[in-house]
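So you can see what is in the structure, the chains are spelled out below.
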Amino acid sequence: MSLETPSSSMTHDLVAKGEKYYLPVYSPQKFILSHGRGSRLWDTDGREYIDMSAGISVNSLGHQHPELVAAFKEQGEKLWHISNLYYSEPAIRLAEELVSLSFAERVFFANSGAEANEAAIKIARKYASAHFAEDKREIITFQGSFHGRTITTVSATAQPKYQKGFAPLTGGFVYCNLNDRNAVDQAISEKTCAVLIEPIQGEGGINISDLQFLEHLRQLCDQYKALLIFDEIQCGMGRTGKLFAYEWTTVIPDIMTLAKALGGGLPLGAVLTTNQFASVFSPGDHGSTFGGNPVMCAVARAALKVINSRETLKNVEKQGATLKARLQEMNKKYDMFSEIRGQGLIVGAELKGRFLNHAPEINHACHQQGVMILQAGKNVLRFLPPLNISDEELNTGLERMEQAFSTLNFQE
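The sections below set out a description of the structure shown in this document. (Residues numbered from 1 in each chain as written. Predicted model: local features only at pLDDT ≥ 70, side-chain atom pairs only at ≥ 80, totals over all residues. Heavy atoms only, no water.)

On to the overall build of the chain. When helices and strands are tallied, the chain shows 14 helices and 17 strands. Taken against the 2.2 N^0.38 rule, which gives 22 Å for 412 residues, the C-alpha radius of gyration of the chain at 22 Å falls within 12% of a compact globule. If one aligns the C-alpha atoms of the chain with their principal axes, the spans along those axes are about 65 × 55 × 45 Å. Here the chain displays about 18,900 Å² of accessible surface, and carbon together with sulfur accounts for 52% of that area. Between the centroid of the 40 positive side chains of the chain and the centroid of its 45 negative side chains there is a distance of 1 Å. (Helix = DSSP H or I, 4+ residues; strand = E, 2+ residues; numbered from the N terminus. Rg over C-alpha atoms; globule rule 2.2 N^0.38 Å. Areas by Shrake-Rupley, 256 points an atom, 1.4 Å probe, with all protein chains shown as cover. Lys, Arg positive; Asp, Glu negative; His and termini not counted. Charge placed at Lys NZ, Arg CZ, Asp CG, Glu CD.)

Together, Leu 23, Val 25 and Tyr 26 give the surface a local cluster of nonpolar side chains, amounting to about 400 Å² of exposed area. Take Leu 23: it is sitting in the loop between helix 1 (9-21) and strand 1 (33-37). Residue Leu 23 is classed as exposed on the basis of its relative accessible area of 65%. (Patch = residues over 30% accessible without salt bridge, like charges linked within 9 Å, V, L, I, M, F, W, Y side chains within 5 Å. Salt bridge = Lys/Arg side-chain N within 4 Å of Asp/Glu carboxyl O. Buried < 20%, exposed > 50% of the residue type's maximum accessible area, 1.4 Å probe, protein only.)

This part takes up the packing of helix 4 (residues 89-100) against helix 11 (residues 294-307). The contact between helix 4 and helix 11 brings their axes to 8 Å, and the two run at 35°. As helix 4 runs across helix 11, the sense of the crossing is left-handed. Within the contact between the two elements, helix 4 uses Pro 90, Ala 91, Arg 93, Leu 94, Glu 97 and Leu 98 and helix 11 uses Pro 294, Cys 297, Ala 298, Ala 300, Arg 301 and Leu 304. Class assignment for the residues of the contact of helix 4 with helix 11 results in nine nonpolar, no polar and three charged. (Axes fitted to C-alpha atoms, helices over the stretch in contact; angles between N-to-C directions. Left-handed = near helix turned anticlockwise from the far one by under 90°. Contact = heavy atoms within 4.5 Å. Nonpolar A, V, L, I, M, F, W, Y, C, P; charged D, E, K, R; others polar.)

Glancing now at the pairing of strand 1. The pairing of strand 1 with strand 2 (residues 40-43) spans four bridges and is classified as antiparallel. In the sheet register, His 35 faces strand 2, and the bridge partner there is Trp 42. Joining the antiparallel neighbours strand 1 and strand 2 is a turn of two residues, in which Gly 38 adopts a positive phi near 60°. (Pairing = 2+ DSSP bridges.)

With that settled, consider the pairing of strand 7 (residues 192-197). Within strand 7, six of the six residues are buried, which leaves it mostly tucked inside the rest of the structure. Inspection of the sheet shows strand 5 (residues 138-142) paired to strand 7 by three bridges, in the parallel sense. The residue bridging Glu 138 from the neighbouring strand is Thr 192, located in strand 7. Bridge analysis of strand 7 against strand 10 (residues 227-231) gives four bridges, and the strand direction is parallel. For Leu 196, the partnering residue across the bridge sits in strand 10 and is Ile 229.

Here the focus is the environment of Val 371. Along the polypeptide, Val 371 turns up in strand 15 (residues 371-372). For Val 371, a relative accessible area of 0% corresponds to the buried category. Taking the C-alpha atoms as reference, Val 371 lies 7.0 Å from Met 52; in sequence the two are 319 residues apart. In contact with Val 371, other than residues within four places in its own chain, are Tyr 49, Ile 50, Met 52, Cys 366, Gly 397, Arg 400 and Met 401.

The next subject is helix 12 (residues 310-334). The terminal C-alpha atoms of helix 12, which comprises 25 residues, lie 36 Å apart, in line with the 36 Å expected from a rise of 1.5 Å per residue. For helix 12, the complete set of buried residues consists of Thr 312, Leu 313, Asn 315, Val 316, Gln 319, Gly 320, Leu 323, Arg 326, Leu 327, Met 330, Asn 331 and Tyr 334. Next to the buried residues of helix 12 lie helix 11, strand 13 (337-343), strand 14 (346-351), strand 17 (380-383) and helix 14 (391-406). (Expected span 1.5 Å × (residues − 1).)

The full count for this structure, using the stated rule, is 20 salt bridges. Here Asp 43 and Arg 47 are joined by a salt bridge, their closest N and O atoms 2.8 Å apart. Take Asp 43 and Arg 47: they sit in the same class, and that class is buried. A salt bridge links Arg 93 to Glu 89, with the nearest nitrogen and oxygen atoms 3.3 Å apart. Remark: Glu 89 and Arg 93 occur in helix 4; sequence separation between them is four residues, near one turn of the helix. Residue classification places Arg 93 among the partly exposed residues on the basis of a relative accessible area of 37%.

Below, the structure is given as structure tokens:
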């Protein structure tokens, strides 16, 4: 495998056009990805990469999965889009399957996680509007959270770096420290209509919500008649080794939001809730032009079937244990990490010492060696491989990653 081949003129030209024409909100790598299969990707210069990012937890069955490709082709030859003025079979079937596999009784389909969270917020506030005093509109969220990029979901996101420059923000959000019972006890009140939390924070650094803390939130929400909303956009859909992260707990949320892996690589979000809370919406209260698109839902059904199989979920637990163990071995050798945390195949390794503040350079070094990883927060390396990654693919990726680590020469 050659990773030193100079970029072709076509790659340079395309990168230059991307830099010229795109709104400058991303900092993409200076190569062009061409195609993928399984947990491998290739760029236009023919270089191969092991994908341990899965499109930020989106391509959870890797690339060109045959069952997903077949579903895409079959539905693509039937019906692409009809709007929500009409029913389509793929959307109805997908809603039925999600209900049968969860606590929910109703589903709303959107295009993204941000849209799903927007809908969840609207349900919570509409329910409060219908049943309680007009000042019961506050929603508690947690430091390190990430709930989306719209003006309301970025307001819900308790990370100032995402909010800077966008004031005035949407009001009504109260921020607490994650897993801090005293703080949330002080914050919750009769004005609280909902608590919104990720069972495992993704963008915030793979921070796990304690079981006892989630149980305490459930009790508080019941006491104060507030809705408990689980944002499982990144940690749901098999990522932890169960279909939904809440299944590891004794806690049942009132609303759950999904996206990313739900569409099997295509844009699709969803809100799952019960009849009690869904009933506050009536025609015209909410909508989504592309939500429930037949092609997206057909592929999502195929993805759901594979993800929820015993084989896939067992693989998540097995490969997650391997990933953590190998990271621990590397840590003994390079002394890079203060903590390695996560569950299943959502894993974060927090940098320390001379590696602090060098996550972008480490990421680049990994690309140079032919493996794709992610960053979460300022000092956490994030690993989100496809759920069906094979032993050989994972081992190759880890070997390349260790080779990348061996090239690092940061000073204290």
